[in-house]
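Chain by chain, the residues run as shown.
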Amino acid sequence: MTHVLWSDLRPRLARYLPPSLFNRLRNLPHELEQLPPAELHEASDLLLEVTRTLNPLHRVLVDYMPRYLLELDPTPNQPHGEMLEGTFIFADVSGFTALTEMLARQGDAKGREVMNQIMNRLFSSVLDPITASGGDMLIFVGDAAMVYFPKDAHNNDVSQAIRAALRMQRAIVPFKHMETEFGPCSLTMSIGVERGVAYAAVVGTTQRMELLISGPGTYRAMQAEVIAESGQVLLGEEAAKIAEAHFTLEGALVVDDWGNRLGDYEIITPTRRRGSSTHFGLALGEILETLQTNLARIERLAPFLPEDMLALLVNTDRRRKLQSEFRPVAVQFINVIGVEELALSHGPKVATQVFQSYFNKAKTIIEQNEGIISQIDAYISGFFFLNTFGVPKSHEGTTRYAVAAALQLSQALEHINQQYQLNPPLRQRGGITYGLTFNGEIGSNYRRESVIAGHRAARLMSKAEAGQIILDSEIWENTRNAFVGEELPAVHLKGIDGPVVIVNVRDIRLGTRLEPLKRPLLERMTEKVQLEKALRAVKSKRQSSAWMGKVVLG
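All of these numbers come straight from a predicted model, not from anything done at the bench. Each residue is numbered by its place in its chain's sequence as written, counting from 1. In view of the model being predicted, local features appear only for residues whose pLDDT reaches at least 70, and side-chain atom pairs are presented and counted only at 80 or more, with totals across whole chains, interfaces and linings using the full set of residues. To obtain the side-chain values, all non-hydrogen atoms of the structure were used and water was disregarded.

A. Expanded view of the packing of aromatic side chains. Geometry of aromatic contacts follows a simple scheme: Phe, Tyr and Trp rings, the Trp one being its six-membered ring, pair when their centres are within 6.5 Å, and the pair is stacked under 30 degrees between planes, edge-to-face over 60, tilted otherwise. Under the definition given, this model contains 10 aromatic pairs. Here the aromatic cluster, defined as three or more aromatic residues joined through ring pairs, consists of Phe355, Tyr358, Phe359, Phe383 and Phe385. The criterion is that NZ of a Lys, or CZ of an Arg, lies within 6 Å of the ring centre and within 35 degrees of the ring normal, and then a charge sits over that ring. Stacked on the ring of tryptophan 258, the Lys or Arg arginine 261 has its end atom at 4.8 Å from the ring centre.

Here you go:
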């Protein structure tokens, strides 16, 4: 049996313990065995407390992960790629942006409370039928969900997915006509279902990992959803061939004529999750072995959460819950096209090598521009990065950093295409918005998700050609002194009345330097003049000055 050294464990624990607890560990010597019996007993009690603290964190991390990832049990910094086959559900909720904007106008506290209630009800209503039907919710982003049913030799995956979709539609009916204290709102859902293959990849480093499941199966489920109307379940071609023997179809549309026969759940073999209960021995060696085992389990899952999110979960101690809020955020929606086709033509190993290289470059670029990779998920073509700027750091340069990062991501993709001599090359397009968004956690007792809702970055991106980065006119006015771009013909966006002026940004303006801590005050000339005057007074008269303002808001 390998001897576990305390000196090896202690630095690894720093990331996963509240500072107050970790600081107590710092007082322990490197060689615990040399402690006198009384002090050794105290040290053992402290280590048991650490283990009891890690267990709830592990359970929370499990709740954030799709079943596929838990069963894969990936090793950080070891990329993995494979092809999956099965049936995919893509569900999209309409009315979400209007709801977010209505509640955001009510102020952070009031709007946040109502939003939390609606989001959690919606999440549970959608998740319960999926779980009861044997599906694996790959991701839920507030207004959309992707669900996976692994292929079954008897085509049960298609039937299970369709029944799950019908249950989801029934569950969301109460949201169609809702009354809040701030006014009425309506949430409806359209669903696409298709059977096919998809590329599954785990990429990243020991600090940050991401899971992507994307390919023809997910694309075609999304394409079916786009055609479906609110309240409908529409099938792709492959799913329809199998479903016609078991369901009433009108073309590709599933008719819900099941009545009580649909039921609330499927009779399936439940999947066991990795347990977290542990038997503690009294000997120091046994305690250290238990601690190492629990720590290793956390280290396998923690990189799949953004660093700021993980820190919040660690420091909320036993509550382990993220606080929801409305706050101004720059949202960057970057659509990357071609990795899945590479997996189909050259194999998942080659595609994963390319994806790993691009992801690591993207991670560095986003972090250098004070952003966070909040999410990677399948899109109707390729996949997307959802990157946020302004959480937790927010200042006058936030939008400039978001635009600069998008331009740098385009350059990084060009380097990847050249490095691997890709033909056809990977392609990329993006959209960026800035405004109040809802950021928070939603979930139930067995599944959680972090959501960023209320932005229109994806809708802007949908108007972009390959190579373009689209901004709305408001961001452009705030950043045009730093970038070169051209106005494009106005477009109509879902949920917005009237045409929207958009701009394609092409480059950083010559002579512009976007460096951390060098953030000019934009469009605050009055404040700037007052600050300069106060600084001159302090400098000339050597007098003290008090500066007050809301933390992290510039």
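B. Region of the structure containing the nonpolar core. The criterion is simple. A nonpolar core is a set of buried Ala, Val, Leu, Ile, Met, Phe, Trp, Tyr and Cys residues joined through side-chain atoms within 4.5 Å. For every residue, the accessible area (1.4 Å probe, protein chains only) is compared with the maximum for its type, and the residue is labelled buried under 20%, exposed over 50%, or partly exposed between those bounds. Core analysis: the biggest nonpolar cluster contains 59 residues, and Trp6, Leu13, Leu25, Leu47 and Ile213 have the highest contact counts within it. For this core, the leading source of residues is helix α3 (residues 37-64), giving 11 residues. In this analysis, two residues are considered to be in contact whenever any of their non-hydrogen atoms come within 4.5 Å of each other. Once you skip the residues sitting within four places of it in the chain, leucine 47 turns out to touch Trp6, Leu25, Leu28, Leu32, Leu284, Ile287, Leu288 and Leu291. One finds Leu103, Ile118, Phe247 and Leu262 within the second-largest nonpolar core, a separate group that totals 47 residues. Numbering of helices and strands starts at the N terminus; helices are DSSP runs of H or I of at least 4 residues and strands are runs of E of at least 2.

C. A look at the side chain of glutamate 194. By the secondary structure assignment, glutamate 194 is in strand β6 (residues 188-204). For the purpose of charge, His is not counted, nor are the chain termini; Lys and Arg are scored as positive and Asp and Glu as negative. Basic side-chain nitrogens of Lys or Arg form a salt bridge, by our definition, when they fall within 4 Å of a carboxyl oxygen of Asp or Glu. Buried and unpaired, glutamate 194 has no salt bridge, with arginine 220 as the nearest side chain of opposite charge at 5.1 Å. Throughout this description, a polar contact denotes any pair of N or O atoms lying within 3.5 Å of each other; where both atoms belong to protein, one of them has to be capable of donating a hydrogen while the other can accept it, and for residues adjacent in sequence the pair is counted only when both atoms sit in side chains. Of the polar contacts made by the side chain of glutamate 194, one reaches the backbone nitrogen of glutamate 237; its length is 3.1 Å. From its side chain, glutamate 194 meets the backbone nitrogen of glutamate 238 in a polar contact 3.2 Å long. If we skip the residues at most four places from it in the chain, glutamate 194 touches Gly86, Thr87, Phe88, Gly217, Arg220, Ala221, Gly236, Glu237, Glu238 and Ala239.

D. The side chain of glutamate 266, seen in detail. Tracing the backbone shows glutamate 266 in the loop between β10 (253-255) and α10 (284-301). The buried category is assigned to glutamate 266, whose relative accessible area is 13%. Within polar-contact distance, the side chain of glutamate 266 engages the side chain of arginine 163 at 2.7 Å. Within the structure, the side chain of glutamate 266 is placed 3.0 Å from the side chain of arginine 167, a separation counted as a polar contact. When near neighbours in sequence (up to four residues on either side) are disregarded, glutamate 266 contacts Ala132, Ser133, Gln160, Arg163 and Arg167.

E. Spotlight on the pattern of salt bridges. What the rule picks out here adds up to 16 salt bridges. The partner of glutamate 71 in a salt bridge is arginine 67, with the nearest N and O atoms 4.0 Å apart. With glutamate 71 and arginine 67 both in helix α4 (residues 67-72), this residue pair falls four residues apart, about one helical turn. Overall, the relative accessible area of 24% leaves arginine 67 in the partly exposed class.

F. Representation of the packing of helix α12 (residues 339-346) against helix α13 (residues 348-368) in the model. Taken N-terminus to C-terminus, the directions of α12 and α13 make an angle of 150°; their axes are 7 Å apart at the nearest point. Here α12 contributes Val339, Leu342, Ala343 and His346 to the contact with α13, which in turn contributes Pro348, Val350, Ala351, Val354 and Phe355. Here the residues of the contact of α12 with α13 are counted per class, giving eight nonpolar, one polar and no charged. Orientation is described by axes fitted as lines to C-alpha atoms, over the contacting stretch for helices, and by angles from 0 to 180 degrees between their N-to-C directions. Each residue receives one of three labels: charged for Asp, Glu, Lys and Arg, nonpolar for Ala, Val, Leu, Ile, Met, Phe, Trp, Tyr, Cys and Pro, and polar for the others, Gly being one of them.

G. Geometry of the pairing of strand β16 (residues 469-472). The side-chain alternation of β16 yields two buried faces, one formed by Ile469 and Leu471 and the other by Ile470 and Asp472. DSSP-based pairing: two strands are paired if at least 2 bridges between them are found. Here β16 runs beside strand β18 (residues 500-508); their pairing, made up of three bridges, is antiparallel. Residue pairing in the sheet places aspartate 472 in a bridge with isoleucine 502 of β18.

H. Inspection of the confidence of the model for the protein chain at higher detail. Summing up the model confidence of the protein chain, the mean pLDDT is 85 and the portion of residues at 70 or higher is 85%. Counting contacts from residues 516-523, a segment whose pLDDT is below 50, to residues more than four positions away or on other chains yields 19 contacts. A score from 0 to 100, pLDDT tells how confident the predictor is in each residue.

I. Local environment of unusual backbone geometry. With omega at 5°, the peptide bond leading from asparagine 423 into proline 424 counts as cis. As for its position among the elements, proline 424 is in the loop between α14 (398-419) and β14 (427-443). We note that glutamate 370 has phi near 60°; this positive angle belongs to a residue other than glycine. Note that glutamate 370 resides in the loop between α13 and β12 (371-378).

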